[in-house]
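# Commentary on secondary and tertiary structure
Okay, here's what each chain looks like letter by letter:
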Amino acid sequence: LLHQKTYLVSGELKQWEGDIAEVYSTISSTEDYKPTLLGTIPQLTEKEALEALDAASAAYDKGQGLWPTMKVVDRIACMEKFVEQMKTKREEIVKLLMWEIGKNLPDSQKEFDRTIDYIYDTIEAYKQIDRDSAKFEKNQGVYAHIRRGPLGVVLCLGPYNYPLNETFTLLIPALIMGNPVIFKPAKLGVLLISPLLEAFQNSFPKGVVNVIYGRGRVLATPIMQSGKIDVLALIGNSKSANAIQNNHPKKNRLRLVLGLEAKNPAIVLPDADLDLAVDECIAGTLSFNGQRCTALKVLYVHESVVDDFNKRYSAKVDALKFGNPWDSDVKLTPLPEVNKPPYIKELIDDALEKGAKILNDKGGELSENFIFPAVLYPVDKSMRIFNEEQFGPLIPIVPFTDIEEPLDDMAASNYGQQVSLFGKDINTLSPLIDTLVNLVCRVNLNSSCQRGPDVYPFTGRKDSAFSTLSVHDALRSFSIRTFVASKDN
Ligand code: G3H
């Protein structure tokens, strides 16, 4: 059991004596599938939230504080010290990823290692920005020495599905660019941040990293209402992002770095390599049980190949192994959100009532916190699964005859993150790609959707994102260009 008794504010690990919340895992340590108690976490109040805000504001001190004015080499040294200490926590954090959110062992290890790589890559990218800022450019007789400066105090809120990696894709670039941070971990995946508190404390000056625990409404609301937050960095859903940003009295001057929901489609054309399309769609729809913003959430398959595709795809879904995250070859695991299986069941029932069928034998089998992925066909616009982001193991297949059908749906959608396109004929693909890049931000040719490699821009149109992440883009998102102009070199 991990009883977290401290939180980090103003460089101090403060002891918490007030209310606590129990953290349960939906992974079962016994055969009766009872939730397992993993530990407890402080439930801080508005008072501690505002202390964290004061600490971060003092560290920024209107741009004159220690952190925003620190020399680049010294800021890098803090980050390097942190990452070295973080590396010693691999085993503990990987174990917590499996228990807290049910991520399988290889993916949990990948999440940790990818985060370490991300930190090193960010340090290198930051060094490049620094080298570039030493150069002058001349336009219309004016020399300019262009640099990048910090924006201010950042409130950072991460998601449960990548509580370490995606949260750190906000936290790390925000920090290295000179912005102090108030960080509230996600509700699920909260314990796994605990092993890092001392590393934060040892590596960064007072007030630069503040880690607070508790309910978003209790903590984030007063922090935003203070008007002292300069950047809201959040990965989650647009509804909560809107609610949180609306608390800011000057929300028009708030910088937003938001990664939000998506309903990424796959489009399988008549000449697609079906074996490849099926394998990529399996990975795209069901990695981490479909709980990824980049997951494929609707499959459009041309009517000429849909029967063949459905048969092969459904058989492969049924062959996926379910188990605890540490079991070998396990692809499907219990869902960490207790309300997710009944929600998925509701979507299935709605589609069945409106004429869809479950194609795979095991589809929809429910036991406690696990629901076996269901392949629904044929799905149409009248069904909830067509419109809602399921964020779980449910796969709607929509047959199409004319390519304008999926394109029209994508244009009408509130989301615009990525698409997967399966086909061979370059004369068909080429103009289609030109159309698709204006509907989403990444077209994956004959491959499933994903965020990485992390050097590529990760963003979306409409309600899918605001601002861009990636090793390089995130540094831009968390900074502003400033320059010194002179008529002399
Ligand atoms: O949940 C959204 C993540 O950005 C997905 O990342 O494509 O690397 O799994 P991923």
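Basis of the calculations
- Residues numbered from 1 in each chain as written.
- Predicted model: local features only at pLDDT ≥ 70, side-chain atom pairs only at ≥ 80, totals over all residues.
- Heavy atoms only, no water.
- 1 Å grid on protein atoms, 1.4 Å probe; cavity = no way out; pocket = protein on both sides within 12 Å on 5 of 7 lines; lining within 4 Å.
- Points joined across faces, edges and corners; volume = space filled by probe spheres on them.
- Helix = DSSP H or I, 4+ residues; strand = E, 2+ residues; numbered from the N terminus.
- Nonpolar A, V, L, I, M, F, W, Y, C, P; charged D, E, K, R; others polar.
- Near = heavy atom within 4 Å.
- Polar contact = N/O pair within 3.5 Å; in protein donor to acceptor, adjacent residues only side chain to side chain.
- Areas by Shrake-Rupley, 256 points an atom, 1.4 Å probe, with all protein chains shown as cover.
- Sits in = over half its atoms within 2 Å of the grid points.
- Patch = residues over 30% accessible without salt bridge, like charges linked within 9 Å, V, L, I, M, F, W, Y side chains within 5 Å.
- Salt bridge = Lys/Arg side-chain N within 4 Å of Asp/Glu carboxyl O.
- Lys, Arg positive; Asp, Glu negative; His and termini not counted.
- Charge placed at Lys NZ, Arg CZ, Asp CG, Glu CD.
- Buried < 20%, exposed > 50% of the residue type's maximum accessible area, 1.4 Å probe, protein only.
- Expected span 1.5 Å × (residues − 1).
- pLDDT = per-residue confidence, 0-100.
- Contact = heavy atoms within 4.5 Å.
- Pairing = 2+ DSSP bridges.
- Axes fitted to C-alpha atoms, helices over the stretch in contact; angles between N-to-C directions.

### What about the layout of surface pockets?
Its volume calculated, the second largest pocket comes out at about 600 Å³. Lining of the second largest pocket is provided by 27 residues; of these, Asp 107, Lys 110, Tyr 162, Ser 287 and Arg 292 occupy positions nearest its centre. Mapped onto the lining of the second largest pocket, the elements with two or more residues apiece are α5 (105–133) and α10 (274–286). Per-element accounting of the lining of the second largest pocket gives the leading share, four residues, to α5. Residue composition of the lining of the second largest pocket, by class: ten nonpolar, seven polar and ten charged.

### Things to note about the site of the ligand
Near the ligand, the surroundings consist of Arg 114, Asn 161, Tyr 162, Glu 166, Arg 292, Cys 293, Thr 294, Gln 450, Arg 451 and Phe 458. Contacts to the ligand include Arg 292, whose side-chain N or O atom sits 2.7 Å from an oxygen atom. In the model, an oxygen atom of the ligand is placed 2.7 Å from a nitrogen or oxygen of the Thr 294 side chain. With the chains in place, 96% of the 310 Å² that the ligand exposes on its own is no longer accessible. More than half of the atoms belonging to the ligand lie within 2 Å of the grid points that define the second largest pocket. Of the residues belonging to the shell around the ligand, the class tally is three nonpolar, three polar and four charged.

### A few points about a negative patch on the surface
A cluster of acidic residues, Glu 303, Asp 402, Glu 404, Glu 405 and Asp 408, forms a negative patch on the protein surface. By the element assignment, Glu 303 lies in the loop between β14 (296–302) and α11 (306–318). Note on Glu 303: relative accessible area 46%, which makes it partly exposed.

### Side note on α5
The terminal C-alpha atoms of α5, which comprises 29 residues, lie 42 Å apart, in line with the 42 Å expected from a rise of 1.5 Å per residue. Measuring from the side-chain oxygen of the N-cap residue of α5 to the backbone nitrogen of Asp 107 gives 3.0 Å; that N-cap residue is Asn 104.

### Points about the confidence of the model for the protein chain
When pLDDT is averaged along the protein chain, the result is 97, and 99% of the positions lie at 70 or above. Mean pLDDT values over the elements of the protein chain span from 88, in strand β16 (residues 366–367), up to 99, in strand β13 (residues 264–268). Complex prediction metrics read pTM 0.97 and ipTM 0.98.

### Section: the side chain of Lys 103
Residue placement: Lys 103 occurs in the loop between α4 (90–101) and α5. A distance of 2.8 Å separates a polar side-chain atom of Lys 103 from the backbone oxygen of Asn 161. Lys 103 has contacts with Leu 97, Met 98, Ser 108, Glu 111, Asn 161, Tyr 162, Phe 288 and Pro 325, leaving out every residue within four places of it along the chain.

### Examining the sheet that holds strand β4 (residues 20–25)
Taken in spatial order, the three strands make up an open sheet running β1-β5-β4, and their pairing is mixed. The sheet terminates laterally at β1 (2–3) and β4, the two strands that pair on one side only. Bridge count between β4 and strand β5 (residues 36–42): six bridges; the pairing is antiparallel. Bridge assignment links Val 23 to a residue of β5, and that residue is Gly 39. Most of the contacts of α4 go to β5, to which it runs at about 105°, and overall it touches β1, β4 and β5.

### Regarding the sheet that holds strand β7 (residues 142–149)
Read from one edge of the open sheet, three strands run β6-β7-β25, paired in antiparallel fashion. Edge positions in the sheet fall to β6 (137–139) and β25 (480–486), since each of these pairs with one other strand and no more. Between one strand axis and the next, the sheet turns through 40° on average, direction left out of account. Two strands pair when backbone bridges link them, and β6 and β7 are joined in this way by three bridges, in the antiparallel orientation. Note that in β7 the partner of Asn 139 across the bridge is Val 142.

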